[in-house]
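Below are the chains, spelled out letter by letter.
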Amino acid sequence: FWVEACARMVAPRDRMGADYTVTELVRPVHQSLLLHQHGATIPEDVSLFGDLMLGVGIHRALEVGAKSLGEGNVLGGFSEVRLASDFAGKVVSGATDHFELLAGGDDQTFLDDGILWDIKSCKVWAVKWFQKDDGKDEWTAQCNAYAELWRRAGYTPKALKILAVMKDWGFRDAEREEDYPNQQEVVLDLPLWPSSQAVAWIEGRVRAHEKARADG
């Protein structure tokens, strides 16, 4: 039953006919090329799926919990929405964990401005690395690509945040180590790029991946 459960949980989702997903663009070019060429024939060892299943489980639990409150439009926001747009002649899509709409005005009605949230199921070292090195480049690029997709859908991202859930966090380690996160979930702020910078990054990655595919 474990094998079947793993297969169902990690099955590819609808990519809206996209040539690339944001996740694929973030990967190293040659890694994505190999997956594109041979991904369907690469055997996978389900005994190594433990961490992956925990991550998928966290995302699915939050998705189900949010949507149970209101069919996608959740408490002034949107959860697990996939958007797509054209960049450098190719369709790029990306699925956002949550886009929180901000309220404003005297009546506090929801605006088109919002906070983009990405949920990361990760190890403690990833958070410590982020905090010491002023951000992981791939996390920043990924979230800014999502932000550009939201701009093209008519919304205005005002901030980017990651909710990091650390799978290997330990209470005793938090007591012993000075630079250890003091709780299992932490919120990390990411720099928000201007639209021009986000578009340049996406189109640059599309061209790099296209060149790799053309060169074979």
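To be clear, the structure that these remarks concern was listed above.
Rules used in this analysis
- Residues numbered from 1 in each chain as written.
- Predicted model: local features only at pLDDT ≥ 70, side-chain atom pairs only at ≥ 80, totals over all residues.
- Heavy atoms only, no water.
- Helix = DSSP H or I, 4+ residues; strand = E, 2+ residues; numbered from the N terminus.
- Contact = heavy atoms within 4.5 Å.
- Axes fitted to C-alpha atoms, helices over the stretch in contact; angles between N-to-C directions.
- Parallel < 35°, antiparallel > 145°, perpendicular 65-115°, else oblique.
- Left-handed = near helix turned anticlockwise from the far one by under 90°.
- Nonpolar A, V, L, I, M, F, W, Y, C, P; charged D, E, K, R; others polar.
- Buried < 20%, exposed > 50% of the residue type's maximum accessible area, 1.4 Å probe, protein only.
- Pairing = 2+ DSSP bridges.

Quick look at the environment of cysteine 143
Phase 1: Looking at where cysteine 143 falls in the secondary structure, it is placed in helix H6 (residues 137-152).
Phase 2: As for cysteine 143 and lysine 161, which are separated by 18 residues in sequence, their C-alpha atoms are 8.4 Å apart.
Phase 3: Here cysteine 143 is in contact with Leu116, Asp118, Leu160, Ile162 and Leu190, once residues within four sequence places are set aside.

A look at the packing of H6 against helix H8 (residues 195-215)
Phase 1: In the contact formed by H6 and H8, the axes pass within 9 Å of each other and the chain directions differ by 110°. Accordingly, the angle class assigned to the pair H6 and H8 is roughly perpendicular. In terms of crossing hand, the pair formed by H6 and H8 is left-handed. Across the interface between the two elements, Ala141, Asn144, Ala145, Glu148, Arg151 and Arg152 from H6 touch Ser195, Ala198, Val199, Trp201 and Ile202 from H8.
Phase 2: Of the residues contributing to the contact of H6 with H8, the split by class is six nonpolar, two polar and three charged.

A look at the side chain of asparagine 144
Phase 1: By the secondary structure assignment, asparagine 144 is in helix H6.
Phase 2: Setting aside residues up to four positions removed in sequence, asparagine 144 forms contacts with Leu160, Pro191, Leu192, Trp193 and Ala198.

A few points about the pairing of strand S6 (residues 185-190)
Phase 1: What you see with S6 is a clean split: Val186, Leu188 and Leu190 sit on the buried side and Glu185, Val187 and Asp189 on the side with no burial.
Phase 2: Here strand S5 (residues 156-166) pairs with S6 via six bridges, running antiparallel. Along S6, the bridge assignment pairs lysine 161 with aspartate 189.

Scope: geometric values only; no functional claims are made or implied.
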